[in-house]
Amino acid sequence: MTSQNVSLTVADLNDFPDFKKELQAAFAIAVIEEFGGLPDGPIPSDRDLDNSLRAPGAVPLRILCEGRKVGGAVVTIDEVTHHNTLDLFFLKVGEHGQGLGHKAWLAIEARFPQTVSWQTHTPYFERRNIHFYVNKCGFKIIAFFNAHHPQQDHRSSDDSIGDEGFLFEKIMRE
């Protein structure tokens, strides 16, 4: 594996259509593997993505490798508490397995050094994500959402892939 420079830039409003298509294509892989198809259209839906991209405190980021767009993320930054969330994170189809995701995560951490903690979530069936967040990025699983422990803040309007998932947290500083 060669060393590749990964950087971040704030996604431009004009880039949102491509950003959304690339994110949906990346997310589709695991859903199709698990369920055999996309039950009700792209995941996340266009409406959910628009809500995430325009939410208060949201910062849509483009992940670049040597200046080439290879993925993206949406983080929500709380300037008061510094308890931030990683709402969406993806690498474009074909960009996995090169260490770019980990480098991108480290770049996100460096971009927001005041962060006290990060939280993120992933569906229960996304083993790659669970491995990535826990074993590569140092998150801890702090909750498993299911029928007996439902998620209180359900941001997505798309229930087609179920309600089971993990909540992760990474404490950056006390």
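In the block above lies the structure referred to throughout.
Reference entry: report on the structure contained in this document. (Residues numbered from 1 in each chain as written. Predicted model: local features only at pLDDT ≥ 70, side-chain atom pairs only at ≥ 80, totals over all residues. Heavy atoms only, no water.)

### A closer look at the packing of helix H1 (residues 16-35) against helix H2 (residues 46-53)
In step 1: Two elements in contact, H1 and H2, have axes separated by 11 Å at closest approach and are oriented at 120°. Here H1 is positioned oblique relative to H2, judged by the angle of their axes. Here the hand of the crossing between H1 and H2 comes out right-handed. Contact residues: Phe 16, Phe 19, Lys 20, Leu 23 and Gln 24 in H1; Asp 46, Leu 49, Asp 50 and Leu 53 in H2.
In step 2: In terms of residue class, the contact of H1 with H2 is built from 5 nonpolar, 1 polar and 3 charged. (Axes fitted to C-alpha atoms, helices over the stretch in contact; angles between N-to-C directions. Helix = DSSP H or I, 4+ residues; strand = E, 2+ residues; numbered from the N terminus. Parallel < 35°, antiparallel > 145°, perpendicular 65-115°, else oblique. Left-handed = near helix turned anticlockwise from the far one by under 90°. Contact = heavy atoms within 4.5 Å. Nonpolar A, V, L, I, M, F, W, Y, C, P; charged D, E, K, R; others polar.)

### Topic: unusual backbone geometry
In step 1: With an omega of -10°, the peptide bond running from Ile 43 to Pro 44 counts as cis.
In step 2: Here Pro 44 lies in the loop between H1 and H2.
In step 3: The backbone of Glu 66 shows a phi angle near 55°, a positive value even though the residue is not glycine.
In step 4: Within the element layout of this structure, Glu 66 appears in the loop between strand E2 (58-65) and strand E3 (68-76).
In step 5: Not every positive phi belongs to a glycine, and His 82 is a case in point at roughly 65°.

### Remarks on the packing of aromatic side chains
In step 1: For the structure shown, the criterion picks out 11 aromatic pairs.
In step 2: Ring centres of Trp 105 and Trp 118 lie 5.2 Å apart, and the angle between their planes is 75°; on these two criteria the pair is classed as edge-to-face. Of this pair, Trp 105 sits in helix H3 (residues 100-111) while Trp 118 sits in strand E5 (residues 117-123); the two residues are 13 residues apart in sequence, bridging distant segments of the chain. A single burial state applies to Trp 105 and to Trp 118, both of which are buried.
In step 3: Ring geometry for Tyr 133 and Phe 168: centres 5.4 Å apart, planes at 45°, overall tilted. Of this pair, Tyr 133 sits in helix H4 (residues 127-136) while Phe 168 sits in strand E7 (residues 165-171), and the two are 35 residues apart along the sequence. (Phe/Tyr/Trp six-rings, centres within 6.5 Å; stacked < 30°, edge-to-face > 60°. Buried < 20%, exposed > 50% of the residue type's maximum accessible area, 1.4 Å probe, protein only.)

### Structural notes on the environment of Glu 22
In step 1: Tracing the backbone through its elements, the reader meets Glu 22 in helix H1.
In step 2: For Glu 22, a relative accessible area of 17% corresponds to the buried category.
In step 3: For the pair Glu 22 and Val 93, spaced 71 residues apart in the sequence, the C-alpha separation amounts to 7.6 Å.
In step 4: Residues within four places of Glu 22 in sequence aside, it is in contact with Arg 62, Phe 90 and Lys 92.

### A short note on the nonpolar core
In step 1: In terms of nonpolar packing, the biggest core is built from 27 residues, with Ile 63, Val 75, Phe 89, Trp 105, Ile 108, Phe 112 and Trp 118 touching the most fellow members.
In step 2: Counting only elements with at least two residues in this core, the list comes to strand E1 (6-10), E2, E3, strand E4 (83-91), H3, H4 and E7.
In step 3: For this core, the element with the highest residue contribution is H3, accounting for 5 residues.
In step 4: If you look at the next biggest cluster of nonpolar residues, it comprises 11 residues, including Ala 26, Ala 58, Val 74 and Leu 88. (Core = buried A, V, L, I, M, F, W, Y, C linked by side-chain atoms within 4.5 Å.)

### Examining the sheet that holds E7
In step 1: In spatial order, the strands read E1-E2-E3-E4-E5-E7-E6; together these 7 strands make up an open sheet with mixed pairing. Looking at strand neighbours, the two that pair on one side only are E1 and strand E6 (140-145), the edges of this open sheet. Each neighbouring strand pair of the sheet contributes to a mean axis angle of 30°, computed without reference to strand direction.
In step 2: Pairing of E6 with E7 involves 5 bridges; the strand directions are antiparallel. Bridging across to E7, Phe 145 finds its partner in Gly 165.
In step 3: Set on the sheet, H2 makes contact with E2, E3 and E4; between it and E2 the angle comes to about 100°. (Pairing = 2+ DSSP bridges.)

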